[in-house]
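What the coordinates show
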Amino acid sequence: MEKGQVIQLTIEDISNEGKGIGRHEGMIVFVGGATYGDTVKAEITKVKKHFAIAKSLEILDSKYRLPKEEQCPYIDECGGCPLGMLTYEAQLELKSKQVKDKLSRIGGLDDPKITGIVTSPKTVEYRNKAVFQVSTGGIITRKGGIVVPAEEAKVGFYSSKTHKVVDCQYCQIQSPAANAASRALKQFMIEDNITSYDPKWDKGLLRNMVVKTSEHTGDVMVILVATSKGIPNVAKLVEMLDDAIYEAGYSFTSLAVNVNKEKSLSGPIYGKETVIVAGRDTISDELMGLEFEISPMAFYQVNPLQTENLYGKAIEYAGLQGGETLLDLYCGVGTIGLIAAKNMKDGGKVFGIESIKGAVLDANRNATINGIVNARYVCGKAEDELPFMMGRKKLMKYDEVNELVERVCDKDLEITSADIAILDPPRAGCDEELLDAVVAAEVNRIVYVSCDPGTLARDIGYLREKGYEYEEGTCYDMFPGSGHVESVVLLTKVHN
């Protein structure tokens, strides 16, 4: 193949960036503007040693595309739902195929057992967390470095692989409360000349708006990510958000401001400082019969109805019989661990470890709220804390006079042995040190909850080398429309 060549091919897969993947003359070709099931005429734009990149010129046939009138009106601009033009059945087929392919190719598994993919109970308005981007366009005057908005404010999502904000008045996968809050923020920015952050000039105020919604209680928390905790006319914004969210059928219970001064739009959303401007410091939700309080920075699964299905399978894979010690690693606000603790009998214990302090406070508070006394939560990196709790590693800390002294483990947190580990890491998967700590704990069962089949497969491969055998997995469509898929798998220790 060569640049400028026009070829015909069928799209058999989708990349993480939303490009169609096909093969021509034995070489992989990534095709922009094509999706799963398309047969396209495409022009080669770049040729590498092992793959080529092309752009779609014409769709000759389409096996799975929805009629245009059934697609989201923002589908061609917004990068949030790269599979949104496909039938739901095709989305499920593609996602389960990707999980099985990566377990085989990366994890080294021969025909891995996947029991199927569980459909999402809702495919629209299913998210309880929305992360909006904001933009005012804008220019900087030379006089005083003042930010002057040059166009109407936009609140929405990035166009694919850009930092261009698509102004989205209604996102069909977000909650009605989140959409109402986005419209209120846009109106506030217009009326009060509120600027967005511009990394080119290192000027401007707002970076993001995050909206957390509880369908069980109706609570809504809004988090503004800004370069300063001082929001002009914030009382007016609180009133506008309160009115808009109330009209959507929810209760506006909290406004927080997170301060992020990073000179880039590509890094983490949140900075280190968060202040509550109005209302409570948490919102409440209910999951599998338990009540949970969620703080601004804490992780919580975004599709609550599907989460109950996912966590139910995780508890099934844990195989609780009674008296086990269970490790809940990357525990967040304690959801899986507390559900497990509720189902334990005869002296079973849960030890959770999480690096985000606010989430650990939430987890311990959630244990108290639900009357669960057999669960303890610790703040720190699991690869450090777990060996320390098992007496296999020393940790140091600074005392009151800033001298390094050896940290002593709380007696309630000492672990002599563990039976089960539940891993629920972020998209990047588990650190090898953490996996080594789990292996050293000699747990009999590992339940791995993953939102990325590639890193899941990588970590399964590593654990297999350390003496664990893959048993089976189940896929869950946690994010309809997106290219992401959630999986839960079971690994068991091989006893020689």
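Everything below is about the structure printed above this text.
Residues numbered from 1 in each chain as written. Predicted model: local features only at pLDDT ≥ 70, side-chain atom pairs only at ≥ 80, totals over all residues. Heavy atoms only, no water.

1. Observations regarding the nonpolar core
Here is the rule: Definition used in this section: a nonpolar core is a set of buried Ala, Val, Leu, Ile, Met, Phe, Trp, Tyr and Cys residues joined via side-chain atoms within 4.5 Å. Burial status follows relative accessibility: with a 1.4 Å probe on protein chains alone, a residue under 20% of its type maximum counts as buried, one over 50% as exposed, and anything between as partly exposed. Throughout, a contact is declared for two residues whenever any of their heavy atoms are within 4.5 Å.
Membership of the largest hydrophobic core comes to 96 residues, with the highest contact counts inside it found for L185, L206, V222, L224, L241 and I245. With near-sequence residues (within four places) excluded, L206 lies in contact with V134, L185, M189, I194, T195, S196, Y197, V225, A226 and I231. One finds L329, I446, A457 and V485 within the second-largest nonpolar core, a separate group that totals 41 residues.

2. Some points on the side chain of R127
Basically, it comes down to this: Under the DSSP-based scheme used, a helix requires at least four consecutive residues in state H or I and a strand at least two consecutive residues in state E, with every element numbered from the N terminus. Charged-residue counts in this description rest on Lys and Arg as positive and Asp and Glu as negative, His and the chain ends being excluded. When a carboxyl oxygen of Asp or Glu is within 4 Å of a side-chain nitrogen of Lys or Arg, the pair counts as a salt bridge. Polar contact criterion, stated in full: a pair of N or O atoms within 3.5 Å, where within protein one must be able to donate a hydrogen and the other to accept it, and residues adjacent in sequence count only if both atoms are side-chain atoms.
With respect to the element layout, R127 can be found in the loop between strand 7 (114-118) and strand 8 (129-135). Among buried charged residues, R127 stands out as having no salt bridge; its nearest opposite-charge side chain is E486, 9.5 Å away. Of note is the side chain of R127, whose polar atom sits 2.9 Å from the backbone oxygen of K129. Excluding anything up to four places from it in sequence, R127 contacts I173, Q174, S175, V302 and F479.

3. Comments concerning the sheet that holds strand 24 (residues 420-423)
Sheet strands associate in pairs through backbone hydrogen bonding, adopting either a parallel or an antiparallel arrangement. We count it as follows: Here the rule is simple: two strands pair whenever DSSP picks up at least two bridges between them. Note on geometry: axes are C-alpha line fits, over the in-contact stretch for helices, and angles between N-to-C directions span 0 to 180 degrees.
Read across the sheet, eight strands follow the order 7-26-27-25-24-19-20-21 without closing on themselves; strand pairing throughout is mixed. Edge positions in the open sheet fall to strand 7 and strand 21 (375-379), since each of these has one partner strand only. Sheet twist, expressed as the mean angle between neighbouring strand axes with direction ignored, is 15 degrees. By the bridge criterion, four bridges tie strand 24 to strand 25 (residues 445-450) in an arrangement that is parallel. From the neighbouring strand, I420 faces strand 25, where its bridge partner is R445.

4. Points about the state of the cysteines
The line we're drawing: Cysteine sulfur atoms are paired as a disulfide whenever they fall within 2.5 Å.
One pass over the full model with this rule turns up zero disulfides. You can see C72 has no disulfide; the closest cysteine sulfur is in C168, sitting 6.1 Å from it. C72 sits in the buried class, given a relative accessible area of 16%. C171 forms no disulfide, and the closest cysteine sulfur to it belongs to C168, at a distance of 5.0 Å.

5. Some details on unusual backbone geometry
The backbone of Y330 sits at a positive phi, close to 60 degrees, despite the residue not being glycine. You can see Y330 is positioned in the loop between strand 19 (325-329) and helix 5 (335-343). Owing to a relative accessible area of 22%, Y330 belongs among the partly exposed residues under this scheme. In the Ramachandran plot, E442 falls in the positive-phi region, its phi being about 55 degrees despite a non-glycine side chain. Within the fold, E442 resides in the loop between helix 8 (432-440) and strand 25.

6. Focus: the pattern of salt bridges
Following the criterion strictly, the structure yields 21 salt bridges and no others. Each of D13, K97 and D101 takes part in salt bridges that share partners, so that together they form one network.

7. Examining a positive patch on the surface
Threshold: Within this analysis, patches are made of residues with over 30% relative accessible area and no salt bridge. Like charges are joined at 9 Å or less; nonpolar side chains (Val, Leu, Ile, Met, Phe, Trp, Tyr) at 5 Å or less. Accessible surface area values rest on a Shrake-Rupley calculation with a 1.4 Å probe, where residue burial reflects the displayed protein chains alone. Each charge is placed at NZ for Lys, CZ for Arg, CG for Asp and CD for Glu.
Side chains of K3, K46, K48 and K161 sit close together on the surface and give a patch of like positive charge. Inspection of the secondary structure puts K46 in strand 5 (residues 38-47). The partly exposed category is assigned to K46, whose relative accessible area is 42%.

8. Looking at the sheet that holds strand 15 (residues 251-259)
Taken in spatial order, the seven strands make up an open sheet running 12-11-8-13-14-15-16, and their pairing is mixed. If you trace the sheet from one side to the other, it starts and ends with strand 12 (165-167) and strand 16 (273-279), each paired once. Here the average twist between neighbouring strands, direction ignored, is 35 degrees. Here strand 15 runs beside strand 16; their pairing, made up of six bridges, is antiparallel. Within strand 16, the position partnered with L255 by the bridge is A278. Sitting on the sheet, helix 3 (residues 234-247) is in contact with strand 14 (219-226), strand 15 and strand 16, with an inclination near 140 degrees to strand 15.

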